[in-house]
Amino acid sequence: MPQDATGSSRIDHLVMLNLVEPGSRVLDVGCGDGSLLALLRDRRGVDGRGIELSRAGVNACLAHGLPVIQGDADTDLAAYPDDAFDYVILSQTIQATRQPKVVLEHLLRIGRRAIVSFPNFGHWRVRSELMLRGRMPVTDTLPDPWYETPNIHHCTIRDFVGLCRLVGARIERASALDASGHPMRFALPWWVWNLVGTQGVFLLRRG
């Protein structure tokens with residue numbers, strides 16, 4: 001099972017793994033310590049590349065033999081040519097970008113498909129924290145206090161679906177993950193996923 005730098009399980013990485021065809025060309029944007037990229041390399045045989053903002057993350061990737069460069073999703077994706085990759089992945093990062101709409105448009109331009117995952121700010125625990133305590137929530141998927149969080153554009157699953165429509169992205173597959181990180185087993189209306197899903201994972205292509 002894939003693990004992050006702390007050694008904890010990342011079930012969402014397995015969900016994304018199953019969306020990628022073997023042997024594909026993949027760009028992982030905001031790849032962190034490279035755990036997803038390494039998983040794709042080892043289990044799908046992908047030709048993978050990464051871009052990561054933090055120097056510590058880049059160093060961790062290079063130490064594991066992963067071709068990763070230091071860069072910023074908000075400014076550096078514009079340099080990539082159209083259709084340069086089969087998949088462009090943005091995992092748990094879009095909410096930390098300054099221009100999520102522009103970033104998503106670049107993902108759909110650079111890759112034939114895009115995979116995007118993010119924490120769902122519409123989950124019932126998040127809502128209850130705001131409603132009952134009047135405080136910004138701290139949860140498993142939103143673990144940082146408001147004064148330290150890298151997240152600057154919180155969104156819900158419904159918000160993201162609306163953004164996909166705005167930029168003309170076609171949703172090929174979508175999953176809402178429960179509190180344990182497992183995909184919910186039933187196809188449900190967006191408003192239900194928005195209430196009970198802690199994360200969203202979307203496979204997109206240009207419309």
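Residues numbered from 1 in each chain as written. Predicted model: local features only at pLDDT ≥ 70, side-chain atom pairs only at ≥ 80, totals over all residues. Heavy atoms only, no water.

Engineer: Can you walk me through the overall build of the protein chain in this structure?
Structural biologist: The number of helices and strands found in the protein chain is 8 helices and 7 strands. Relative to the compact-globule value of 17 Å for 207 residues, the protein chain shows a C-alpha radius of gyration of 16 Å, a close match. Taken along its principal axes, the extent of the C-alpha atoms in the protein chain is 45 × 35 × 30 Å. Scored against the burial criterion, the 207 residues of the protein chain give a buried share of 47%. Taking the intrachain contacts of the protein chain between residues at least 6 apart in sequence as the baseline, contacts between residues at least 24 apart amount to 65%. Total accessible area on the protein chain is roughly 10300 Å²; 53% of this is exposed by carbon and sulfur atoms. (Helix = DSSP H or I, 4+ residues; strand = E, 2+ residues; numbered from the N terminus. Rg over C-alpha atoms; globule rule 2.2 N^0.38 Å. Buried < 20%, exposed > 50% of the residue type's maximum accessible area, 1.4 Å probe, protein only. Contact = heavy atoms within 4.5 Å. Areas by Shrake-Rupley, 256 points an atom, 1.4 Å probe, with all protein chains shown as cover.)

Engineer: For this particular structure, what's the right way to read unusual backbone geometry?
Structural biologist: Trans is the common state for peptide bonds, and a negative phi is the common state for residues other than glycine. In this model, Asp83 sits at a positive phi of 55 degrees, which is unusual for a non-glycine residue. The residue Asp83 is located in the loop between α4 (73-76) and β4 (85-91) in this model. For Gln92, which is not glycine, the phi torsion reads 55 degrees and is therefore positive. For Gln92, the location among the structural elements is in the loop between β4 and α5 (100-110).

Engineer: Sorry, what's going on with the packing of α5 against helix α7 (residues 157-167) here?
Structural biologist: Each pair of packed helices can be described by the angle between their axes along with the distance between the axes. For the pair α5 and α7, the least separation of the axes is 11 Å and the interaxial angle reads 60 degrees. As summarised for this structure, α5 and α7 are arranged oblique, according to the angle between their axes. Handedness of the crossing formed by α5 with α7: right-handed. Across the interface between the two elements, Lys101, Leu104, Glu105 and Leu108 from α5 touch Phe160, Leu163, Leu166 and Val167 from α7. In the contact of α5 with α7, the residues fall into 6 nonpolar, no polar and 2 charged. (Axes fitted to C-alpha atoms, helices over the stretch in contact; angles between N-to-C directions. Parallel < 35°, antiparallel > 145°, perpendicular 65-115°, else oblique. Left-handed = near helix turned anticlockwise from the far one by under 90°. Nonpolar A, V, L, I, M, F, W, Y, C, P; charged D, E, K, R; others polar.)

Engineer: Explain the pairing of strand β1 (residues 25-29) here, please?
Structural biologist: Looking along a regular strand, one sees side chains alternate from face to face of the sheet. Most of β1 sits inside the fold, with 4 of its 5 residues counted as buried. Pairing of β1 with strand β2 (residues 47-52) involves 5 bridges; the strand directions are parallel. Across the sheet, the residue bridging to Arg25 is Asp47, located in β2. Handedness of the crossover is the feature at issue here: the chain leaves β1, passes through helix α2 (residues 35-44), returns alongside β2, and the resulting connection is right-handed. As judged from the 4 bridges shared by β1 and β4, these two strands associate in the parallel manner. For Asp28, the partnering residue across the bridge sits in β4 and is Ile89. (Pairing = 2+ DSSP bridges. Right-handed = clockwise from strand over helix to strand, strands pointing away.)

Purely geometric numbers; function is a separate question.
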